[in-house]
Amino acid sequence: MKRTIRIIGVLSLFCSLMACELDNYDRPAASIHGVFLDKDTGEPIEQDIVRGTQIEYQEGKFTATQYMAVKPDGSYRNNLMFLGEYRITPVRGNFEPLDTEVVKISGDTQLDFHVIPYLRIKNVSIFKNGDKVKALFKIQQTGYDKVSKIGLYAGLDQAAGATVNQSSVEIPIGDNVTDDVYYTIEMDITRNTGLKSGRTYYFRVGALIDAPEAKFNYAPAVELSL
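Computed from a predicted model, the values in this text were never measured in an experiment. (Residues numbered from 1 in each chain as written. Predicted model: local features only at pLDDT ≥ 70, side-chain atom pairs only at ≥ 80, totals over all residues. Heavy atoms only, no water.)

(A) Geometry of the overall build of the chain. Summing up its helical and strand segments, the chain has one helix and 16 strands in all. Relative to its full complement of 226 residues, the chain shows a buried share of 38%. Partitioning the contacts of the chain with sequence separation of at least 6, the portion at a separation of at least 24 is 63%. Here the chain has roughly 13400 Å² of accessible surface; of this, 49% comes from carbon and sulfur atoms. (Helix = DSSP H or I, 4+ residues; strand = E, 2+ residues; numbered from the N terminus. Buried < 20%, exposed > 50% of the residue type's maximum accessible area, 1.4 Å probe, protein only. Contact = heavy atoms within 4.5 Å. Areas by Shrake-Rupley, 256 points an atom, 1.4 Å probe, with all protein chains shown as cover.)

So this is what it looks like as structure tokens:
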């Protein structure tokens, strides 16, 4: 019996030592951050808070692909990166596709992406007019794809958009546009159960191109008290 106990004890000690050896990896000691910027205007490329742009990254010595989400303001950050070289590719964005970059991450690494958005929403004016919130704006196309629809979205924060909102109004377009035409969208407060009088909301204009897996392009949100 004593011999059996000694054997079990030795095996337990051996397993413990092996476990310590297997877990003896360096912890993530680096980070990466940056912003998606319009290549021509330098402005951040705003995103949907859900199903927005993602960043694929793959560490050089591993094959598994991991993902980072991009925030509604076009920025991203990952503080749990290992030191080393990575293959980094933005995917499923609201801008012309980018090639994969090989990036050496050491310490706090900044990597901004300069992109061409599918659409630019310009000269935006959003204001309350009686019982309605009215948006005036222009749209600039950067490619040949038609504009599928435009929308006005109201939310509790600046991330208001097509995927998360308290209220929305969308208008189909289905055509090419020119940037010398103003578009108008009105949201009737009295008919909208998602909005309450006396509260403050953020209103954001968006537009979508007619292309597979396209994402909305947005102008910055405007804060209004109803």
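(B) How the structure looks around unusual backbone geometry. Even without glycine at this site, R92 takes up a positive phi of about 50°. One can find R92 in the loop between β5 (84-91) and β6 (101-105). The partly exposed category is assigned to R92, whose relative accessible area is 37%.

(C) Inspection of the confidence of the model for the chain at higher detail. Counting all residues, the mean pLDDT for the chain is 87, and 86% of those residues have values of 70 or more. Counting interchain partners and residues more than four positions distant, the pLDDT-below-50 stretch residues 1-23 has zero contacts. (pLDDT = per-residue confidence, 0-100.)

(D) Local environment of the nonpolar core. Judged by nonpolar contacts, the single largest core of 31 residues is most densely connected at I126, V133, F137, I139, I150, L152 and F203. Top contributing element to this core by residue count: strand β14 (residues 200-209), with six residues. Each residue touching L152, except ones within four places of it in the same chain, is listed here: I126, V133, A135, S167, S168, V169, I185, M187, F203, R204 and V205. Residues M81, L111, F113 and V115 belong to the second largest nonpolar core, which totals 18 residues. (Core = buried A, V, L, I, M, F, W, Y, C linked by side-chain atoms within 4.5 Å.)

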